[in-house]
Amino acid sequence: MRGQVIATFSRRMRVRLDSGETIEARIRGKRLRPVCGDFVALEPISGESDWLIVGLEDRRNALTRPNRRGDTEVLAANLDRLVVVAAGTPVADWFIVDRYLCAAELMSVDAMIVYNKADLLGADADRTEIDAIVADYRRIGYPVLFTSAESLQGIDELGRELESGTSILVGQSGVGKSSLVNRLLEDTVQKTAALSTKHREGRHTTVNSVMLTLRSGGRVIDSPGVRDYAPAIAAPGDVAEGFPEIKRLSHHCRFKDCRHLREPDCAVRAGVGEAVSERRYASYRRLLNLARKLS
Ligand SMILES: Nc1nc2c(ncn2[C@@H]2O[C@H](COP(=O)(O)OP(=O)(O)OP(=O)(O)O)[C@@H](O)[C@H]2O)c(=O)[nH]1
Ligand SMILES: [Mg+2]
Ligand SMILES: [Zn+2]
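Residues numbered from 1 in each chain as written. Chains lettered and ligands numbered in written order. Predicted model: local features only at pLDDT ≥ 70, side-chain atom pairs only at ≥ 80, totals over all residues. Heavy atoms only, no water.

Caption draft 1: Representation of the nonpolar core within the structure. By size, the foremost hydrophobic cluster in this structure holds 37 residues, and its most contacted members are Leu63, Leu82 and Tyr137. Of all elements in the fold, only strand 8 (81–87), helix 1 (94–107), strand 9 (110–116), helix 2 (125–140), strand 10 (144–146) and strand 11 (166–171) reach the threshold of two or more residues within this core. The leading source of residues in this core is helix 1, at eight residues. Once residues within four sequence positions are removed from consideration, Leu63 is found in contact with Glu73, Val74, Leu75, Ala76, Leu79, Leu82, Ala103, Met107, Ile168, Val170 and Tyr229. Grouped together as the second largest cluster of nonpolar side chains are 21 residues, Ile233, Ala240, Cys258 and Cys266 included. (Core = buried A, V, L, I, M, F, W, Y, C linked by side-chain atoms within 4.5 Å. Buried < 20%, exposed > 50% of the residue type's maximum accessible area, 1.4 Å probe, protein only. Helix = DSSP H or I, 4+ residues; strand = E, 2+ residues; numbered from the N terminus. Contact = heavy atoms within 4.5 Å.)

Caption draft 2: Expanded view of the side chain of Ser283. Mapping Ser283 onto the fold places it in helix 8 (residues 278–294). By relative accessible area, Ser283 is classed as buried at 3%. Setting aside anything within four residues of it in sequence, one finds Ser283 in contact with Phe95, Asp98 and Phe243.

Caption draft 3: A look at the packing of aromatic side chains. Tallying each qualifying case throughout the model produces seven aromatic pairs. An angle of 45 degrees between the planes, with centres 5.9 Å apart, marks the rings of Trp94 and Tyr137 as tilted. Of the two residues, Trp94 is situated in helix 1 and Tyr137 in helix 2; the sequence distance between them amounts to 43 residues. Of the two residues, Trp94 and Tyr137, both sit in the buried class. Note on Tyr115 and Phe146: the rings are 5.6 Å apart at their centroids and 50 degrees apart in plane angle, and the pair reads as tilted. With Tyr115 in strand 9 and Phe146 in strand 10, the pair connects residues that are 31 residues apart, well separated along the chain. Each member of the pair, Tyr115 as well as Phe146, carries the same accessibility label: buried. The rings of Trp94, Tyr115, Tyr137, Tyr142 and Phe146 are connected pair by pair, giving a single aromatic cluster. The cationic tip of Arg127 hangs over the ring face of Phe146; the distance from NZ or CZ to the ring centre is 5.3 Å. A cation over an aromatic ring shows up here: Arg286 above the ring of Phe95, its NZ or CZ 3.5 Å from the ring centre. (Phe/Tyr/Trp six-rings, centres within 6.5 Å; stacked < 30°, edge-to-face > 60°. Lys NZ or Arg CZ within 6 Å of the ring centre and 35° of its normal.)

Next up, the structure:
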């Protein structure tokens with residue numbers, strides 16, 4: 001039997017079988033490490049309702065991060081779109097946003113930014129800074145949507161963006177990923193059972209990734225929020241691949257292996273403040289430093 005992992009609780013998994021039925025499963029052995037989105041082979045266990053995961057199919061792609069030991073940890077697999085959620089509270093960390101965008105580029109999947117809690121956006125000074133950052137992302141080519149799980153601003157548009165394929169919502173803890181998913185599910189069958197129980201228990205922080213199906217057929221993975229994030233990067237030279245506006249200019253650098261730091265005739269450095277914003281260039285340098293430390 002074949003199925004897709006739709007929720008993980010450490011070594012226990014919820015799996016949607018190809019037949020459409022949802023079952024619970026354990027994993028045979030210690031070597032298999034399925035994550036949300038993985039396609040697995042299963043066998044029934046006699047006398048139990050649990051199934052046994054006995055095999056893992058090759059992944060089309062994977063969202064990764066280096067763990068403390070420097071190994072690559074897989075967070076989710078077989079994705080079509082990364083939705084990076086930010087907000088005013090907790091204060092947006094744009095470096096984290098850039099790192100998720102970098103991960104999406106390295107995985108060759110679409111990425112977009114959702115600025116949630118738009119209901120709290122006053123006409124304050126913050127607004128000018130946010131508008132400048134958003135304009136920068138749009139110039140690079142990333143769609144940015146302002147949403148509110150409170151006022152419902154932008155929810156329909158977000159639903160349309162997620163109509164096809166599998167999307168994962170990522171971002172800092174507390175920006176409203178689960179609240180957005182709740183809103184998106186409001187007109188689908190799946191909604192209440194799973195989600196309202198959670199509220200009754202008074203627990204809000206998401207502890208495991210869960211894949212949900214929208215009425216449009218689109219799938220959404222709600223993932224636990226992070227304090228920090230960096231993609232697993234195989235070689236420092238790959239970092240520029242994760243910044244489209246830097247990659248574009250890098251073809252004009254004198255050296256093919258230019259890291260865009262202090263090399264002569266570097267087209268990227270020459271473009272800082274224009275095609276490459278100071279902020280994104282700083283993001284690039286920070287991630288390059290990190291990649292060098294880890295490699
Ligand atoms: N004002 C306002 N509050 C929001 C909005 N969206 C979410 N919140 C609140 O923000 C808090 C965190 O929301 P969650 O949906 O749990 O955030 P999350 O991103 O899923 O957090 P983690 O699961 O920890 O990663 C809750 O108290 C929500 O009610 C919004 O659009 N506007
Ligand atoms: Mg959550
Ligand atoms: Zn260069």
